[in-house]
Amino acid sequence: MTDHTIIAVDQYLAHSPAKVWRALTDSDLLARWLMPNDLVPLVGRRFTLRTTPRGQDFDGVVHGEVLAVEPLRLLRWSWRGGGLDTMVTWTLVPEGRGTRLFLEHDGFDPDDPVQRRTFTILDGGWRSHVWRRLERELADP
């Protein structure tokens, strides 16, 4: 049975935790593989991520707040927009010459039809094109 309250993905990246951390926390780099943003990785800092609006349910703006920062190890932020009030956690674990990156996007309401649809869209996005874009970004010197 699938838990429709949390998206959990892990991926091995053939890059150091420092390089992966930078891709997660440098606003310009994050914009290149995820969304344009004004992220500053300081606990309590509010920021926005911007993308294409999706009908009446989503205006294209994700409002976030940095909830936890443990350099080279953990980054957690809130994700609010399009009826969602969720949390995204990135955990980095050194593995061999690279990094195992874990993503958890938690807090979906499986009883809400809009959130169920959003869960499906984001689950597919996190698992496919977001990881590919991150890997391409990390491969650039």
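See above for the structure.
In this text, all values refer to a predicted model and were calculated from it rather than measured experimentally. (Residues numbered from 1 in each chain as written. Predicted model: local features only at pLDDT ≥ 70, side-chain atom pairs only at ≥ 80, totals over all residues. Heavy atoms only, no water.)

**Q** For this particular structure, what's the right way to read the nonpolar core?
**A** The tendency in soluble globular proteins is for nonpolar side chains to be buried as a group. Core analysis: the largest hydrophobic core is formed by 34 residues, its most contacted members being Trp33, Trp77, Trp79, Trp90, Leu101 and Trp126. Setting aside anything within four residues of it in sequence, one finds Leu101 in contact with Val9, Asp10, Gln11, Leu13, Val20, Leu24, Trp90, Thr91, Leu92, Trp131 and Leu134. (Core = buried A, V, L, I, M, F, W, Y, C linked by side-chain atoms within 4.5 Å. Buried < 20%, exposed > 50% of the residue type's maximum accessible area, 1.4 Å probe, protein only. Contact = heavy atoms within 4.5 Å.)

**Q** Help me understand the sheet that holds strand β2 (residues 46-50) in this model?
**A** Hydrogen bonds between backbone groups are what pair the strands of a sheet, and the pairing can be parallel or antiparallel. The strand order β1-β6-β5-β4-β3-β2 describes an open sheet built from six strands, whose pairing is antiparallel. Each edge of the open sheet is held by one strand with a lone partner, namely β1 (6-13) and β2. The sheet shows a mean angle of 25 degrees between the axes of neighbouring strands, taken without regard to direction. Packing of helix α1 (residues 17-25) onto the sheet brings it into contact with β1, β3 (61-70), β4 (74-81), β5 (84-95) and β6 (98-106), and relative to β5 it is tilted by some 160 degrees. Lying on the sheet, helix α4 (residues 129-139) is in contact with β1, β5 and β6; it crosses β1 at an angle near 30 degrees. (Pairing = 2+ DSSP bridges. Helix = DSSP H or I, 4+ residues; strand = E, 2+ residues; numbered from the N terminus. Axes fitted to C-alpha atoms, helices over the stretch in contact; angles between N-to-C directions.)

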